[in-house]
Amino acid sequence: MQNGSKMIKNKILSILKQIPDPEIPAINIVELGVVRKIICNENITQVSITPTYIACPAIDLIGKLIKEKLVKFGYKNINIKMVYYPTWTTDWISEETKLKLKNYGISPPNLINSKNKKIICPKCNSNNTSLKSFFSSTPCKSLHKCNDCIEPFEYFKCI
Ligand SMILES: [Zn+2]
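Quantities reported herein were computed from a predicted structural model and do not represent experimental measurements. The residue numbers shown here count from 1 along each chain, following its written sequence. Local features in this predicted model are restricted to residues whose pLDDT is 70 or higher, and side-chain atom pairs enter the listing and the counts only when it is 80 or higher, whereas totals over whole chains, interfaces and linings include all residues. The basis for the side-chain values is all heavy atoms of the structure; hydrogens and waters are excluded.

A. Inspection of the nonpolar core at higher detail. Put simply, a nonpolar core is a bunch of buried Ala, Val, Leu, Ile, Met, Phe, Trp, Tyr and Cys residues held in one set by side-chain atoms that sit within 4.5 Å of each other. Burial status follows relative accessibility: with a 1.4 Å probe on protein chains alone, a residue under 20% of its type maximum counts as buried, one over 50% as exposed, and anything between as partly exposed. If you look at the biggest cluster of nonpolar residues, it comprises 27 residues, and the most contacted ones within it are Leu16, Val35, Ile66 and Phe156. Numbered from the N terminus, helices here are DSSP runs of H or I no shorter than four residues, and strands are runs of E no shorter than two. The element best represented in this core is helix H3 (residues 58-72), accounting for four residues. Both domains that meet at this core, namely domain 1 (2-88) and domain 2 (92-156), each give it at least three residues. The contact criterion used throughout is that any non-hydrogen atoms of two residues lie within 4.5 Å. Beyond its immediate sequence surroundings of up to four residues, phenylalanine 156 is in contact with Ile24, Leu32, Trp88, Thr90, Ile93, Leu101, Ile106, Ser107, Pro108, Pro109, Cys140 and Lys141. Within the second largest apolar cluster, five residues are counted, among which are Ile119, Cys121, Cys146 and Phe153. Note: domain ranges come from an automatic or database domain assignment.

B. Quick peek at the coordination of the zinc ion. Distances from the zinc ion to its protein donors, Cys121 (SG), Cys124 (SG), Cys146 (SG) and Cys149 (SG), fall within 2.3 Å. Note that water is not among the atoms considered, so a metal site may appear incomplete; the donors listed are N, O and S atoms within 2.8 Å of the metal, with 3.2 Å applied to Na, K and Ca. A four-donor site is called tetrahedral if each angle lies between 85 and 135 degrees; a four-donor site is square planar, and a six-donor site octahedral, when trans pairs exceed 155 degrees and the remaining angles lie between 65 and 115; all other cases are labelled irregular. Viewed at the metal, the four donor atoms of the zinc ion are separated by angles of 103 to 115°, and the geometry they form is tetrahedral. For the zinc ion, the single-chain donor residues occur in sequence as C-x2-C-x21-C-x2-C. With a gap of 28 residues between them, cysteine 121 in the loop between strand E4 (106-107) and strand E5 (129-133) and cysteine 149 in the loop between strand E6 (141-146) and strand E7 (152-156) connect regions that are remote in the sequence. You can call cysteine 149 partly exposed: its relative accessible area is 26%.

C. Seen up close, the packing of aromatic side chains. Within 6.5 Å between ring centres, the rings of Phe, Tyr and Trp (the latter by its six-membered ring) count as paired, and their orientation is classed by plane angle as stacked under 30 degrees, edge-to-face over 60, tilted in between. For the coordinates displayed, the defined rule picks out two aromatic pairs. The lysine or arginine in question, arginine 36, covers the ring of tryptophan 92, its NZ or CZ lying 3.5 Å from the ring centre. In this scheme, the term charge over a ring applies when either NZ of a lysine or CZ of an arginine sits within 6 Å of the ring centre and within 35 degrees of the ring normal. When the ring centre of phenylalanine 134 is taken as reference, the NZ or CZ atom of lysine 157 above it lies at 3.7 Å.

Structure (structure tokens):
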């Protein structure tokens, strides 16, 4: 029974991995670390999610996308549970996912030069960068400019 429920959870997890993050389509919502817990039995399919920010506008959309996806796969009585504690942290993004972000052109959390504290350019790895705007296309990212390759880039702020 224990193994059976684990298999069901893994199946749901693999379905959720098919949902791209609405803000950063290069990574999925599981990689983003917002999926906290899955409960599945004959009565209910419950997915607990934690917003990246308390007021993150994308979280309602993510909940809706999860519901739609699970319905499509035949799951019933789906409940999306919002979990606000512990709060989401960029530590929940794996090293592998951080590399994905970098390849996508977004400087991942903590990609900072240890000496001058500058954020490293995801394109040419230069630390000769400057902050352009604390907020970018989404509140969780800031906008920077690389002074070496003259390219603007976004940084996923560390929280
Ligand atoms: Zn650069």
